[in-house]
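# Working through the structure, step by step
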Amino acid sequence: MNIGLLYSLEEHEQMATAANPKEFLPDPLSIHFGLSFIASALKKAGHNVRFLLVAPHTDLSEELTRFIGEFNPRMIGLTAVATQYPIISQIAEIVKKIDGSIYTVLGGVHAILQPALIEEDIFLDALCAGEGEVAVVSLADAVEKGVQPANIPNLWIRNSATNTIEKNGNDPFDPDLDAFPFIERKMWDPWIASKPITRQHVLIARGCPFKCTYCANHILAETQEGKQLRFRSPENVIAELRQIRLDYPDVESIYFEVETFGGNKSFATHFCKKLEEYNASLQKPIRYGINVAVTRNISKNSPEILDAMQRANFDFVNIGLESGSEKYRRDVLKRPEYTNEDLIYFSKMARERSINVSLYVLIGLPGETVEDFNQTVDCAKQCVPFACSLSKFFPYPGTRLYDIAKEQNVINAHVDTRLERRISVLNMKQFPAWRINYEYLMFHFRVFQGQIPFFIRATGVLRKLMGMYPLLNSLYMYFAHRTQIGLFLHRKSTRTQFTDAGAPIVPALEFRP
Ligand code: SF4
């Protein structure tokens, strides 16, 4: 059976232009893992699967009419987070108007958090309220046979004959991630702007044991029984790396998607050992990057883990600092417990092993003060990061921090989702929007003082200013990508060199998008 899977990008994420109308994704790291796993499960079950990507400028009726006319899908799968749902709901309606016999199913975080939405959204035939790989295959099976789908765990299913919704319970989390087929990256290639493809990312775990209040993970963890945090075996990951090298011989670096690397020392060192052995078999070793969970034990464990990472050829790590105010981080964000000192120590250990540190930081959090944010700047600066990703807080419905912002009555009446995380949607007396914007623009300028020349930091301020305006941002994305001339925020990741006195030497700067 032909099945379409639709992904709707938001304006700031997409790269498409009139000259290259299909190249929505800047690079392979922008592909959607959830849809990729669903596609692989359906293909393994014998179905023909095609992706369709749309962006805010897409003429939805025209594009869906073309897609349906050419491919004749009998089922269309949709995915959404909260901010994407309005457009996804509109897409389901258009699909039904073009061909009412096409079965529509919604999955993704928003469906899991708000399954009851199917009761109102009459253009959806089913909704996946948990992980979907097994459920969607059973669903496709029933749709192909032309029977009313029923009794499929993880699915809420509309029965139009009885005008009811069958609300099936969720199965426990599947403990064996190795059993899932590898995702088929080639399916995304027509949508990717950056060629040749030299980077890829690989998901090595699902779930997270933490309960950060700005993240929906704590709710997702409770939607299914069993252990939510699951890792793939290193052997299974290496098998996927081999496949990637076959499919993409130009690949030089791979980023591992995981929330908690480093929390389990024996897994981390074993995984690194396997990567080291794999790299030894290659003429040109692959460079790796990963998200590290800084926890209370990191100071104790970091030398051993970082030594193993260095031998495996990791050249960068991402770390969630989020707020440098230890009190705010502990009491409001409920981040894993670590002190700023732990983080600064870890960063120093990493730099000494030529592993670049990149920090994730939030600004404009509910109740955050200017003083809290100054502590964030200080902490980030002391980490001597290679890069920092700064986002303005966006209140995602369903998260605890959304509720806190609601209780504080600081969410603007009109929330513009077009530049989610680049514009502040909170109105707070102690940290007003103008001050958030100012601190947002100046953050990199301040953090990289002494590390990056004045002129380069100033261009970074300009780049962020453009990012706050949709039209300017699109123009920048277009020209930067086409000309390969960008501003300093995207320096090429190279191993940090040190002077004899141990001070980091600023890597050669490359002006690229
Ligand atoms: S560590 Fe990351 S995934 Fe886990 S709860 Fe916190 S923000 Fe969410």
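Everything in this summary refers to the structure shown in the same document. Position numbers for residues count from 1 along each chain, tracking the sequence in the order it is written. Only residues with pLDDT of at least 70 are given local features in this predicted model, and only at 80 or more are side-chain atom pairs given and counted; all residues enter the totals for whole chains, interfaces and linings. Water and hydrogen atoms play no part in the side-chain values, which are based on all heavy atoms of the structure.

### What about the packing of helix α9 (residues 265–280) against helix α10 (residues 298–312)?
Direction vectors running N to C along α9 and α10 enclose 15 degrees, while the axes themselves pass 7 Å from each other. On the basis of their axis angle, the class for α9 and α10 is roughly parallel. Relative to α10, α9 is oriented so that their crossing is left-handed. On the side of α9, the interface is formed by Lys-265, Ala-268, Thr-269, Cys-272, Leu-275, Glu-276 and Asn-279, while α10 contributes Asn-301, Glu-304, Ile-305, Ala-308, Met-309, Arg-311 and Ala-312. Each axis is a line fitted through C-alpha atoms, taken for helices only over the stretch in contact, and angles between the N-to-C directions span 0 to 180 degrees. Going along the chain from the N terminus, every DSSP run of H or I of four or more residues is numbered as a helix, and every run of E of two or more is numbered as a strand. Roughly parallel covers angles under 35 degrees, roughly antiparallel covers those over 145, roughly perpendicular covers 65 to 115, and oblique covers all other angles. By definition, turning the near helix anticlockwise from the far helix through less than a right angle yields a left-handed crossing, and turning it clockwise yields a right-handed one. Whether two residues are in contact is decided by their heavy atoms, any of which lying within 4.5 Å being enough.

### Quick look at the pairing of strand β12 (residues 287–292)
Looking along a regular strand, one sees the side chains alternate between the two faces of the sheet. When a residue's accessible area, from a 1.4 Å probe over protein chains only, is under 20% of the maximum for its type it is buried; when over 50% it is exposed; and in between it is partly exposed. The buried fraction of β12 is high, at five of six residues. For two strands to pair, DSSP has to find at least two bridges joining them. Note that strand β11 (residues 253–261) and β12 share five bridges and pair parallel. Each bridged residue has a counterpart across the sheet, and for Ile-254 the counterpart in β12 is Tyr-288. Assessed by its sense of winding, the connection that carries the chain from β11 through α9 to β12 is right-handed. Orient the strands so they point away from the viewer; a crossover is then right-handed if the path from the first strand over the helix to the second runs clockwise. For the crossover from β12 across α10 to strand β13 (residues 314–322), the handedness is right-handed.

### A closer look at the sheet that holds strand β7 (residues 164–167)
Strand order in the open sheet made by the seven strands is β2-β1-β3-β4-β5-β6-β7, with mixed pairing throughout. Looking at the sheet topology across the chains shown, the edges are occupied by β2 (48–54) and β7. When strand polarity is set aside, the average angle formed by the axes of neighbouring strands in this sheet is 20 degrees. Here four bridges tie strand β6 (residues 155–159) to β7, and the two strands are oriented antiparallel to one another. For Trp-156, the partnering residue across the bridge sits in β7 and is Lys-167.

### What about helix α3 (residues 85–98)?
What sets the pattern is the α-helix's 3.6 residues per turn: residues three or four places apart point alike. For α3, built from 14 residues, the straight-helix expectation of 20 Å at 1.5 Å per residue is met to within 8% by its first-to-last C-alpha distance of 20 Å. Taken as a whole, α3 has its buried residues at Tyr-85, Ile-88, Ser-89, Ile-91, Ala-92, Ile-94, Val-95 and Lys-96. How far a helix is expected to stretch is found by multiplying one less than its residue total by 1.5 Å.

### Some words on the site of the ligand
By convention in this text, a residue qualifies as near a molecule or strand provided that one of its non-hydrogen atoms is within 4 Å of it. As a structural note, the neighbourhood of the ligand is formed by Cys-208, Phe-210, Cys-212, Tyr-214, Cys-215, Asn-217, Glu-259 and Arg-335. Throughout this entry, Asp, Glu, Lys and Arg are counted as charged residues, while Ala, Val, Leu, Ile, Met, Phe, Trp, Tyr, Cys and Pro are counted as nonpolar. The remaining residues, Gly among them, count as polar. A per-class count over the shell around the ligand returns five nonpolar, one polar and two charged.

### As for a nonpolar patch on the surface
In this scheme, patches are assembled from residues that exceed 30% relative accessible area and form no salt bridge. Like charges are connected within 9 Å, while nonpolar side chains (Val, Leu, Ile, Met, Phe, Trp, Tyr) are connected within 5 Å. Methods summary: accessible areas were calculated by the Shrake-Rupley approach with a probe of 1.4 Å, and residue burial reflects only the protein chains presented. Salt bridge, as used here, is a side-chain nitrogen of Lys or Arg placed within 4 Å of a carboxyl oxygen of Asp or Glu. Taken together, the side chains of Leu-462, Leu-465, Tyr-469, Leu-471, Leu-472, Leu-475 and Phe-479 make up a nonpolar region of the molecular surface, amounting to roughly 700 Å² of accessible area. Listed by contribution, the elements that provide at least two residues to the nonpolar patch are α16 (454–467) and α17 (470–483). Broken down by element, the nonpolar patch gets its largest block of residues, four residues, from α17. Here Leu-471 lies in helix α17.

### As for the pattern of salt bridges
For the structure shown, the criterion picks out 29 salt bridges. Two residues, Asp-141 and Lys-145, come together in a salt bridge whose shortest N-O distance is 3.2 Å. A residue pair is termed a helical-turn pair when its members lie 3 or 4 positions apart in one helix, as Asp-141 and Lys-145 do in helix α6 (residues 133–145) at four residues. For Asp-141, a relative accessible area of 35% translates into the label partly exposed. Each of the salt bridges in this network shares a partner with another, and the network as a whole consists of Glu-131, Glu-133, Arg-206 and Arg-230.

### Notes on the sheet that holds β13
Judged by pairing direction, the sheet is parallel, and its six strands sit side by side in the order β8-β11-β12-β13-β14-β15 without closing on themselves. Looking at the sheet topology across the chains shown, the edges are occupied by β8 (199–203) and β15 (387–392). The average undirected angle you get between the axes of adjacent strands in this sheet is 20 degrees. Packing against the sheet, helix α13 (residues 370–382) makes contact with β13, β14 (356–363) and β15, and its axis sits at approximately 175 degrees to β14. Across the face of the sheet, helix α15 (residues 433–447) comes into contact with β14 and β15 while running at roughly 175 degrees to β15.

No statement about biological role is implied by the geometric values presented.
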